[in-house]
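The chain contents come next:
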Amino acid sequence: YHKLWLKTEGVHKHDQEDVRVEALWNRIITPWWSAQAGVRQDFGDAPSRTWLALGVEGLAPQWFDVEATAYFGEEGRTAFRVDVGYDLLLTQRLVLQPQVEADVYGKDDVERRIGSGLSDVEASLRLRYEVRREFAPYIGVHWVRRFGETADLAGDDSDTRFVAGVRVWF
């Protein structure tokens, strides 16, 4: 019923670095859904930001994995992130995972190159091999489209990159 989730995500591009770390307490509220509360820390080349995180995570009808989290930060900053993914089993161990993620911010944060409103939408396609369910290396392609002020502050409106990593849980 109770879990601690540690989530990390980072991007190193040319001379820019952006990292996000979340520590969330997870509590099952229904057989398919969990409530989460915790903290998020953004750091890298821009000033660090600390956020209170409140959200839900679960399995929607048709087996879609859904994460929706609201963030509340210093100086009245707010943000919302939704992440939807689906696992397509190619074999018992080989999994193709399309995923879409969107970020919305309540106000501009020029130092971190983020504009208010719909900031960005990310779409990815990952192919992972589950050596065990708890350990699965993956490769994939990741596409980002920035909107409005965020595109202006970032200096570009889209980006495509290849990704590789390991999905681990215990």
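Residues numbered from 1 in each chain as written. Predicted model: local features only at pLDDT ≥ 70, side-chain atom pairs only at ≥ 80, totals over all residues. Heavy atoms only, no water.

1. Digging into the overall build of the protein
We apply this condition: Under the DSSP-based scheme used, a helix requires at least four consecutive residues in state H or I and a strand at least two consecutive residues in state E, with every element numbered from the N terminus. Put simply, the radius of gyration uses C-alpha atoms, and a globule should come to 2.2 Å times the residue count raised to 0.38. For every residue, the accessible area (1.4 Å probe, protein chains only) is compared with the maximum for its type, and the residue is labelled buried under 20%, exposed over 50%, or partly exposed between those bounds. Surface accessibility follows the Shrake-Rupley procedure with a 1.4 Å probe radius. Residue values consider only the protein chains on display as shielding. In this tally, Asp and Glu contribute negative charge and Lys and Arg positive charge; neither His nor the terminal groups of the chain are included. The location of each charge is read from NZ of Lys, CZ of Arg, CG of Asp or CD of Glu.
Helix and strand counts for the protein come out as 1 helix and 11 strands. In the protein, the succession of α and β elements from N to C terminus is β-β-β-β-β-β-β-β-β-β-α-β. For the protein, whose C-alpha radius of gyration is 16 Å, the value lies close to the compact-globule estimate of 15 Å for 170 residues. Expressed along its principal axes, the backbone C-alpha trace of the protein runs to roughly 45 × 35 × 25 Å. Taking all 170 residues of the protein together, 33% fall into the buried category. Surface exposure of the protein reaches about 10400 Å², of which carbon and sulfur atoms provide 61%. Distance from the positive charge centre (21 side chains) to the negative charge centre (28 side chains) of the protein: 6 Å.

2. Section: the side chain of R128
Operational definition: Two N or O atoms count as a polar contact when they lie within 3.5 Å, although within protein this holds only if one can serve as hydrogen donor and the other as acceptor, and sequence-adjacent residues are included solely when both atoms are side-chain atoms. Note on contacts: a residue pair is in contact if any heavy atoms of the two residues lie within 4.5 Å.
Inspection of the secondary structure assignment puts R128 in strand β9 (residues 117-129). Judged by its relative accessible area of 3%, R128 is buried. Among the polar contacts listed, one links the side chain of R128 to the side chain of E130, at a separation of 3.2 Å. If sequence neighbours within four positions are ignored, R128 has contacts with D87, R93, L94, V95, Q97, A136, P137, Y138 and R167.

3. Looking at the pattern of salt bridges
Keep this limit in mind: Between Lys or Arg on one side and Asp or Glu on the other, a salt bridge is scored when a side-chain nitrogen of the former is within 4 Å of a carboxyl oxygen of the latter.
Under the counting rule described, the total for this entry stands at 19 salt bridges. For E67, the salt bridge is made with K7, and the minimal N-O distance between the two is 3.0 Å. Of this pair, E67 sits in strand β5 (residues 64-73) while K7 sits in strand β1 (residues 2-13), and the two are 60 residues apart along the sequence. Given the relative accessible area of 26%, E67 is considered partly exposed. Overall, the relative accessible area of 17% leaves K7 in the buried class.

4. Comments concerning the environment of R161
Among the structural elements, R161 can be located in strand β11 (residues 158-168). Placed 73 residues apart in sequence, R161 and L88 show a C-alpha to C-alpha distance of 22 Å. There is a polar contact of 3.4 Å between the side chain of R161 and the side chain of D159.

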